[in-house]
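Given next are the chains, with one letter for each unit.
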Amino acid sequence: GAHKDFSVEYPLQTSGPHALMCNVNYSDDKEARTFRKVFKFPVGNTVSISGVKIWTISDHVMVGVDLENMMKSSLLVDLNFCPSSNFRLVDVPINKGEVWQKAMAPDEKRRFVFRLL
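Overview of the structure. (Residues numbered from 1 in each chain as written. Predicted model: local features only at pLDDT ≥ 70, side-chain atom pairs only at ≥ 80, totals over all residues. Heavy atoms only, no water.)

1. Observations regarding a nonpolar patch on the surface
Moving on, step 1. A contiguous nonpolar patch, built from Val8, Tyr10, Leu12, Leu20, Phe39 and Phe41 and spanning about 620 Å² of accessible area, is present on the exposed surface.
Moving on, step 2. With respect to the helices, strands and loops of the structure, Phe41 is situated in strand E2 (residues 32–43). (Patch = residues over 30% accessible without salt bridge, like charges linked within 9 Å, V, L, I, M, F, W, Y side chains within 5 Å. Areas by Shrake-Rupley, 256 points an atom, 1.4 Å probe, with all protein chains shown as cover. Salt bridge = Lys/Arg side-chain N within 4 Å of Asp/Glu carboxyl O. Helix = DSSP H or I, 4+ residues; strand = E, 2+ residues; numbered from the N terminus.)

2. Some points on the environment of Arg33
Moving on, step 1. Looking at the element boundaries, Arg33 is found in strand E2.
Moving on, step 2. When near neighbours in sequence (up to four residues on either side) are disregarded, Arg33 contacts Val24, Asn25, Tyr26, Ser27 and Asp28.
Moving on, step 3. There is a polar contact of 2.8 Å between the side chain of Arg33 and the side chain of Asp28. (Contact = heavy atoms within 4.5 Å. Polar contact = N/O pair within 3.5 Å; in protein donor to acceptor, adjacent residues only side chain to side chain.)

3. Quick notes on the pattern of salt bridges
Moving on, step 1. Counted by the stated rule, this structure contains four salt bridges.
Moving on, step 2. The shortest N-O distance in the salt bridge between Arg33 and Asp28 comes to 2.8 Å.
Moving on, step 3. The exposure class assigned to Asp28 is partly exposed, which follows from its relative accessible area of 32%.
Moving on, step 4. A salt bridge links Arg110 to Glu108; the nearest nitrogen and oxygen atoms lie 2.9 Å apart.
Moving on, step 5. Taking the relative accessible area as the measure of exposure, Arg110 reaches 10% and is therefore buried.
Moving on, step 6. One network of salt bridges, in which partners are shared, links Asp28, Glu31 and Arg33. (Buried < 20%, exposed > 50% of the residue type's maximum accessible area, 1.4 Å probe, protein only.)

Below, the structure is given as structure tokens:
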């Protein structure tokens, strides 16, 4: 017989124990058959967001956020900040280079700053 491989992606909103239930229906030459398999797994918090600060410098609005890697392994962060249509995002030097390109180590904290015009 043939086999099928499937990948399932689903955003999990809460941490704690979760379960994936798989139901398989198939038929052999004589009858329809079914079986169920349950896969239990824990879900933890990956990132802690704190220290959100908003301040102004002349006619610029600055937004800062502190992230902490809560995982037991390194984490590569791809942070997208999308301001409302009244503002335009301008890159800030603190965000360039290693801050963006280097994975966050376990328990590492990092600050990201954005400037709005």
